[in-house]
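Secondary and tertiary structure notes
Next come the chains, spelled out residue by residue.
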Amino acid sequence: MNTILETKDLCKYYGTGENQVKAVNHTSISIKKGEFAAIVGKSGSGKSTLLHLLGGLDYPTCGEVFIGSQSIFSLKEEELAAFRRRKIGFIFQSFNLITSINVWENIVLPIGLDNKKTDVPFVKGIIDILGLSSKINSMPNTLSGGQQQRVAIARALAAKPDIILADEPTGNLDSKTSMEVINLLKASVKKYGQTLAMITHDEELAQMADRILVIEDGMVTEDGKAVS
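Residues numbered from 1 in each chain as written. Predicted model: local features only at pLDDT ≥ 70, side-chain atom pairs only at ≥ 80, totals over all residues. Heavy atoms only, no water.

This paragraph deals with helix H6 (residues 175–192). Turn by turn, an α-helix covers 3.6 residues, leaving residues three or four places apart pointing in a common direction. Taking 1.5 Å of rise per residue, 18 residues should cover 26 Å, and H6 covers 26 Å from first to last C-alpha, within 8% of that figure. Those residues of H6 not exposed but buried are Thr-177, Ser-178, Val-181, Ile-182, Leu-184, Leu-185, Ser-188 and Val-189. For H6, the buried positions fall inside an angular range of 155 degrees around the axis, keeping them on one side. Exposed side chains of H6 directed beyond 90 degrees from the buried face belong to Ser-175, Lys-176, Lys-190 and Lys-191. Two or three places before Lys-176, at the opening of H6, Asp-174 has a side-chain oxygen 3.2 Å from that residue's backbone nitrogen. Looking one or two places after H6, you find Gly-193, whose phi comes out positive at around 65 degrees. (Helix = DSSP H or I, 4+ residues; strand = E, 2+ residues; numbered from the N terminus. Expected span 1.5 Å × (residues − 1). Buried < 20%, exposed > 50% of the residue type's maximum accessible area, 1.4 Å probe, protein only. Arc of directions from axis to C-beta. Polar contact = N/O pair within 3.5 Å; in protein donor to acceptor, adjacent residues only side chain to side chain.)

Put into structure tokens, the structure is as follows:
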């Protein structure tokens with residue numbers, strides 16, 4: 001398998017002097033195409049910061065992130081936005097749905113922004129698995145938190161991105177639906193050769209991953225060993 005997502009000496013620091021926080025500290029990791037990596041760690045350990053850096057949503061203090069052979073922070077802002085849209089599907093805890101458009105429009109929006117044609121049967125299949133078929137014309141503010149999270153998951157999968165970055169994707173779901181969602185993500189990864197990096201506090205869900213990366217004080221280890 002080829003490496004698709006890689007960091008080299010990645011750092012993200014906040015503040016200076018005694019007040020400096022090293023959210024991500026000299027982290028070098030590589031994730032292969034088709035791999036499902038779970039990132040676990042205590043609150044404040046740097047998990048979300050690392051995920052945002054991997055997706056080019058935040059800029060590092062130093063170091064590089066490569067997606068394929070592309071050093072993403074060498075791209076101009078507009079180029080990076082387009083690159084993200086084509087290559088990465090994001091699932092956030094906060095959903096980030098657009099309240100003025102309905103569920104279907106939210107799900108297919110990233111595809112339209114990239115001037116691509118929507119694979120309607122594929123998207124409807126995801127919507128059906130996530131139990132949203134009766135909600136496609138609903139507005140986001142009429143949905144429960146769990147339903148909004150499912151819309152966010154459908155949106156991330158709809159464009160068949162190379163990489164899916166998920167920040168606690170099951171945080172607002174019950175245990176049965178959580179398992180269904182993780183199985184859906186795994187099936188999508190396998191079918192389309194995608195790569196999934198997921199932050200989770202749930203040890204049972206983390207065990208479903210191919211690899212578990214542990215982050216503590218901004219530094220990443222794997223099975224208790226430093227990742228090189």
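Turning our attention to the nonpolar core. By size, the foremost hydrophobic cluster in this structure holds 39 residues, and its most contacted members are Ile-107, Leu-130, Leu-185 and Leu-196. Taken together, the elements giving at least two residues each to this core come down to strand E4 (36–40), helix H3 (103–113), helix H4 (120–129), helix H5 (145–158), strand E8 (163–167), H6, strand E9 (195–199) and helix H7 (203–206). With residues up to four places along the chain from it excluded, the contact list for Leu-196 reads Glu-35, Phe-36, Ala-37, Ile-164, Ala-166, Leu-185 and Val-189. If you look at the next biggest cluster of nonpolar residues, it comprises 29 residues, including Ala-37, Ile-67, Leu-213 and Ile-215. (Core = buried A, V, L, I, M, F, W, Y, C linked by side-chain atoms within 4.5 Å. Contact = heavy atoms within 4.5 Å.)

What follows concerns the pairing of E9. The buried fraction of E9 amounts to five of the five residues, a majority that puts the element mostly inside the structure. Both faces of E9 are covered, namely the face carrying Thr-195, Ala-197 and Ile-199 and the face carrying Leu-196 and Met-198. Sheet topology places E4 next to E9; four bridges connect them, and they run parallel. From the neighbouring strand, Ile-39 faces E9, where its bridge partner is Ile-199. (Pairing = 2+ DSSP bridges.)

Inspection of the entire model under this criterion finds three aromatic pairs. Aromatic side chains Tyr-59 and Phe-73 sit 5.3 Å apart centroid to centroid with 50 degrees between the ring planes, which places their arrangement in the tilted category. Separated by 14 residues along the polypeptide, Tyr-59 in the loop between helix H1 (47–54) and strand E5 (62–67) and Phe-73 in the loop between strand E6 (70–71) and helix H2 (77–87) bring together distant segments of the chain. The class of Phe-73 is buried, set by a relative accessible area of 18%. With a centroid separation of 5.5 Å and 10 degrees between ring planes, the pair formed by Phe-90 and Phe-92 is classed as stacked. By relative accessible area, Phe-90 is classed as buried at 15%. (Phe/Tyr/Trp six-rings, centres within 6.5 Å; stacked < 30°, edge-to-face > 60°.)

Take H3 next. Val-103, Asn-106, Ile-107, Val-108 and Ile-111 are the residues of H3 that are buried. Tucked inside the fold, the buried residues of H3 contact H4 and H5. Put simply, Asn-102 is the residue that caps the front of H3, since its side-chain oxygen is 3.2 Å from the backbone nitrogen of Trp-104.

For the chain, per-residue confidence averages 90 on the pLDDT scale, and 97% of positions sit at 70 or higher. Strand E12 (residues 225–226) is the least confidently modelled element of the chain, averaging 52 in pLDDT, while E5 averages 97, the highest of any element. (pLDDT = per-residue confidence, 0-100.)

Here the focus is the environment of Val-65. Inspection of the secondary structure puts Val-65 in strand E5. Overall, the relative accessible area of 0% leaves Val-65 in the buried class.

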